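# Secondary and tertiary structure notes
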Amino acid sequence: MRDGRSSSVLFRVSAGGASSGDLLERAELWDMDTGRRFGTPGPLSPSAAARAAGWRHEAALPPGRYFLRLLTPDRRDAAPADMTFIVPEPPPPVLYIGSFRVQCSAASPCRVAPVPEDESEAARTLVAAQAPAPPAPVTRLAQPYPAAFARTGLPRPMAPEISVDARLWVAAIDWNAFLNTETVPQVPAEMPAQSPEGPQLPRSEAPDWSGARMVSSYYQDPFTTLAAVAVTGAILIVAVPIYLIARAIAEDQRNRRTRAEAQVQAEALRAAALAQDQWSPCAAGIAATLAPDRVERDLRANLSPRREEGRRAALPDPWNVTVARVIFRHCGTQPDHHGVEVATRWTARRPGEADPAFDIAYTRSVAGATRDTRLVHSERPPWELPVATEAACRPLADYCGATGTALLRDEVLRGVTEARDAIAAAR
């Protein structure tokens with residue numbers, strides 16, 4: 001059940017008259033740090049009695065945070081039981097996270113109670129009956145998600161510690177899908193509108209991008225691609241328009257079925273190359289503004305002064321906010337429209353406690369964002385809650401003018417402050 005660096009996670013679902021197999025068809029398990037979705041949790045074997053009693057386990061989960069969603073077999077049940085649990089470091093051989101009951105009434109569909117019961121003794125007995133018997137399970141009960149903030153007794157976040165985890169930005173991209181994309185772009189008849197002076201960097205604080213290098217791959221959408229931007233040794237992951245980057249495509253014309261098809265292809269490549277010359281400086285500026293280190297620096301400049309005041313007054317804020325990703329996404333029906341998606345994780349810890357007393361994630365999505373299979377989460381994952389507004393879907397020219405940098409920074413800032421305000425308004 002164990003490889004030395006992971007835990008077998010054990011839990012029980014009492015499914016009443018329904019078969020546990022039907023119940024677990026609607027179970028979902030996710031790694032919240034990497035975005036990986038696991039298969040349906042399997043039955044604990046080899047005991048048929050344990051399977052009949054609803055005991056389940058997920059083998060070989062490494063240390064980290066996990067999201068578990070349970071629904072009953074009743075397809076009318078649209079209210080999932082959402083919960084989170086932590087596999088600690090070092091991971092125990094077996095981790096028991098609780099027992100969940102299905103609650104039914106004549107007036108409504110059956111639902112899984114999100115608050116687990118503690119059946120640690122039954123879990124120890126069950127594990128001891130296995131051959132060979134692993135060590136006794138460690139109990140760390142799962143917590144309903146989102147937790148009731150009012151019950152924590154914590155202050156509302158006012159001046160959180162701000163950090164950016166670039167590893168999560170990289171994990172937001174499905175690199176297999178990204179690197180395997182080979183679709184040749186289809187170029188629209190009209191290019192995005194430009195100012196008379198031509199495209200520009202976002203100019204409110206235009207950086208020196210003489211050393212920038214971009215590597216990209218085409219996709220079906222002629223304007224959208226993911227690009228890895230290498231600047232002074234750092235790899236920055238952002239999404240930028242395909243027109244901003246052109247890639248030389250060497251393909252033997254003998255592979256073309258007709259002369260007309262070859263001509264269309266050549267025109268598409270010429271248009272893409274022209275677009276690169278016109279828009280790549282602005283793309284570099286967008287990438288610079290949305291780079292992890294720049295985002296962290298800008299947010300601290302806007303939000304950290306109050307935290308410093310609290311430290312001087314010996315009133316430190318227990319909150320930490322981690323910017324999990326910032327993605328410049330295509331949106332709407334026009335090929336040159338984009339918006340800034342911002343995902344954050346908020347944690348608050350009490351003195352002397354290892355685990356957060358409160359842990360919640362938010363996303364400020366882009367209005368009308370285009371589905372993109374190269375993103376791990378093309379749609380908002382179930383543990384990321386929406387904030388009050390969505391980011392506007394704007395034409396590319398808005399980000400490339402004199403106020404472009406200020407506009408991008410404001411979108412990132414709103415992704416953080418609207419999440420903060422959502423926590424403050426929670427019950």
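Right, let's walk through the structure included here. What you see is a predicted model; the values in this text were computed from it and never measured.

## Here's the deal with the state of the cysteines
Between two cysteines, a covalent bond joining their sulfur atoms is known as a disulfide. Applying the stated rule across the entire model yields 1 disulfide. Between Cys 331 and Cys 393 runs a disulfide, and the two sulfur atoms are separated by 2.1 Å. Every disulfide takes its handedness from the sign of the S-S torsion; for Cys 331 and Cys 393 that torsion is 100°, giving right-handed. Residue Cys 331 is located in the loop between strand 16 (319-330) and strand 17 (337-348), and its partner Cys 393 is located in the loop between strand 19 (384-386) and strand 20 (394-395); the two are separated by 62 residues in the primary sequence. Cys 331 sits in the buried class, given a relative accessible area of 0%. For Cys 393, a relative accessible area of 26% gives the class partly exposed.

## Considering the pairing of strand 7 (residues 81-87)
For strand 7, the tally of buried residues reaches 6 of 7 residues, placing the bulk of the element in the interior. By the bridge criterion, 7 bridges tie strand 6 (residues 64-70) to strand 7 in an arrangement that is antiparallel. Bridging from a neighbouring strand, Phe 67 pairs with Thr 84 of strand 7.

## A closer look at the environment of Thr 347
With respect to the helices and strands, Thr 347 occurs in strand 17. C-alpha separation for the pair Thr 347 and Asn 320, spaced 27 residues apart in sequence, amounts to 5.3 Å.

Parameters at a glance
- Starting afresh in each chain, residues are numbered from 1 along the sequence in its written order.
- Confidence filtering applies because this is a predicted model: local features only for residues at pLDDT of at least 70, side-chain atom pairs given and counted only at 80 or more, and all residues used for totals across whole chains, interfaces and linings.
- Remark: hydrogens and water are excluded; side-chain values derive from all non-hydrogen atoms of the structure.
- Criterion for a disulfide: a pair of cysteine sulfur atoms within 2.5 Å.
- The secondary structure listing takes helices from DSSP runs of H or I that are at least 4 residues long and strands from runs of E that are at least 2 residues long, numbered from the N terminus.
- Summary of the burial criterion: residues with accessible area below 20% of their type's maximum are buried, those above 50% are exposed, and those between are partly exposed, where the area comes from a 1.4 Å probe applied to protein chains only.
- Strand pairing requires that DSSP identify at least two bridges connecting the strands.

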